[in-house]
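Coordinate inspection notes
Each chain, letter by letter, is given below.
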Amino acid sequence: MILLSQPLSIVWDFDPVFFAIGSLDIRYYGLMWALAILIGAKFFDNFCKREGLPSKVSESIFIYGTLATILGARLGHCLFYDTMDYLSKPWTIITGFRDGGMASHGAAIGLLIGLWLFSRKNKLPYIWSLDRIMIPVGIGGAIVRLGNLFNSEIFGQATTLPWGFEFIRSHKWVTEFAPAAVHPTQIYEALCYLATFGILCWLYYKKDTARRRPGILFGIGLIGTFLTRFFIEYIKTEQEPFELGWTLDMGQWLSIPFILLGIYMIWRGATRPETVPASVAPAPKAHAAPPKKKKK
């Protein structure tokens, strides 16, 4: 990795390959996905221990959550961003996996389905899983965006701000922007996701909001993830040629349903009666024993 600072810009020359064995290369992007999944599993293990649930519950989330997220992310990219190409060559959905192509909106949809199956298997309320998953989603989303940074992809438009990046390993940057610096939107999104993660941790661990007002954590997580994504898209470059000329790009259109759902879930959780969890419920007051009568 070579990271050089120049006046009013940063030259980003990061090798995305962690190591290679022959023609097989292991990239930082894939490692970031693996790290995000492992952190998510660790958080669920903590949730289960904290709330007195058996260990088999946290073990099963790794299977349901991992498969659903990866399949959803891959299928989402194929369907949302390059539908005709993948329909004409469907086998490339699998064989082209190493060439990239993971969509966060597809990952979200896949995870929602996986959590529904997980909740049914473990006889848990669906909202229980939705509230708690948003905490690791916050930190996981930030980590994956760092993977995009390591890949020199999904960056923004030209800028003169002093933290602008020159992605010299990106063909898109070289052909469309060089020598101008561009917005490092991967970092912007990562910071927003980290802020969301911090707020959710505070609400869960300090305020016990997940048990007191089910649905609020899920709603805040959706807003923190997709509303920030919606606005940052305004300074991003288009991901696919078909987005040219659109008032809103594909990422923004796909974010709108999640934003609306987030608003509804916050309203729903805030207007319903508060639940007092058993572990924090006040202990019943002891009744004083009646005074004994003196024998005459």
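Residues numbered from 1 in each chain as written. Predicted model: local features only at pLDDT ≥ 70, side-chain atom pairs only at ≥ 80, totals over all residues. Heavy atoms only, no water.

The next subject is the environment of phenylalanine 197. Relative to the helices and strands, phenylalanine 197 is located in helix H8 (residues 185-206). The buried category is assigned to phenylalanine 197, whose relative accessible area is 18%. Spatially, the C-alpha atom of phenylalanine 197 lies 7.9 Å from that of glycine 221, the residues being 24 residues apart in sequence. When residues no more than four places from it in sequence are discounted, the contact partners of phenylalanine 197 are Phe43, Ile135, Gly138 and Ile139. (Helix = DSSP H or I, 4+ residues; strand = E, 2+ residues; numbered from the N terminus. Buried < 20%, exposed > 50% of the residue type's maximum accessible area, 1.4 Å probe, protein only. Contact = heavy atoms within 4.5 Å.)

The next subject is the nonpolar core. Counting residues in hydrophobic clusters, the biggest one holds 47 residues, and the most contacted among them are Trp12, Phe44, Leu115, Phe118, Ile135, Phe167 and Leu217. With 10 residues, the single largest contributor to this core is helix H6 (residues 126-150). The next biggest cluster of nonpolar side chains, apart from the first, holds seven residues, and it includes Tyr29, Trp33, Ala107 and Val144. (Core = buried A, V, L, I, M, F, W, Y, C linked by side-chain atoms within 4.5 Å.)

It is worth spelling out the packing of aromatic side chains at this point. Across all of its chains, the model carries 21 aromatic pairs by this definition. Taking 5.1 Å as the distance between ring centres and 15 degrees as the angle between the ring planes, the aromatic pair formed by phenylalanine 155 and phenylalanine 167 counts as stacked. Of this pair, phenylalanine 155 sits in the loop between H6 and strand S5 (165-167) while phenylalanine 167 sits in strand S5, placing them 12 residues apart in sequence. In terms of burial, phenylalanine 155 and phenylalanine 167 fall into one category: buried. Among the aromatic residues, those joined into a cluster by ring pairs are Trp12, Phe14, Phe18, Phe19, Tyr28, Phe150, Phe155, Phe165, Phe167 and Phe177. (Phe/Tyr/Trp six-rings, centres within 6.5 Å; stacked < 30°, edge-to-face > 60°.)

For the second largest pocket, the calculated volume is near 200 Å³. Around the second largest pocket, the lining comprises 14 residues; the ones closest to its centre are Glu233, Lys236, Glu243, Trp246 and Asp249. A class-by-class count of the residues in the lining of the second largest pocket yields four nonpolar, five polar and five charged. (1 Å grid on protein atoms, 1.4 Å probe; cavity = no way out; pocket = protein on both sides within 12 Å on 5 of 7 lines; lining within 4 Å. Points joined across faces, edges and corners; volume = space filled by probe spheres on them. Nonpolar A, V, L, I, M, F, W, Y, C, P; charged D, E, K, R; others polar.)

On to helix H1 (residues 28-50), then. An α-helical turn contains 3.6 residues, so a residue and the one three or four places further along point in the same direction. For H1, built from 23 residues, the straight-helix expectation of 33 Å at 1.5 Å per residue is met to within 8% by its first-to-last C-alpha distance of 33 Å. Within the span of H1, buried status applies to Tyr29, Met32, Trp33, Ala36, Ile37, Gly40, Ala41, Phe43, Phe44, Asp45, Phe47 and Cys48. Glycine 52 occupies a position one or two residues after H1 and carries a positive phi of about 75 degrees. (Expected span 1.5 Å × (residues − 1).)

Applying the stated criterion across every chain yields a total of 13 salt bridges. Between glutamate 176 and lysine 172 there is a salt bridge, with the nearest N and O atoms lying 3.4 Å from each other. Within this pair, glutamate 176 and its partner lysine 172 are both found in helix H7 (residues 171-176), separated by four residues, close to a single helical turn. The class of glutamate 176 is partly exposed, set by a relative accessible area of 46%. With a closest N to O distance of 2.5 Å, glutamate 233 and arginine 229 form a salt bridge. Pair check on accessibility: glutamate 233 and arginine 229 agree, each one buried. (Salt bridge = Lys/Arg side-chain N within 4 Å of Asp/Glu carboxyl O.)

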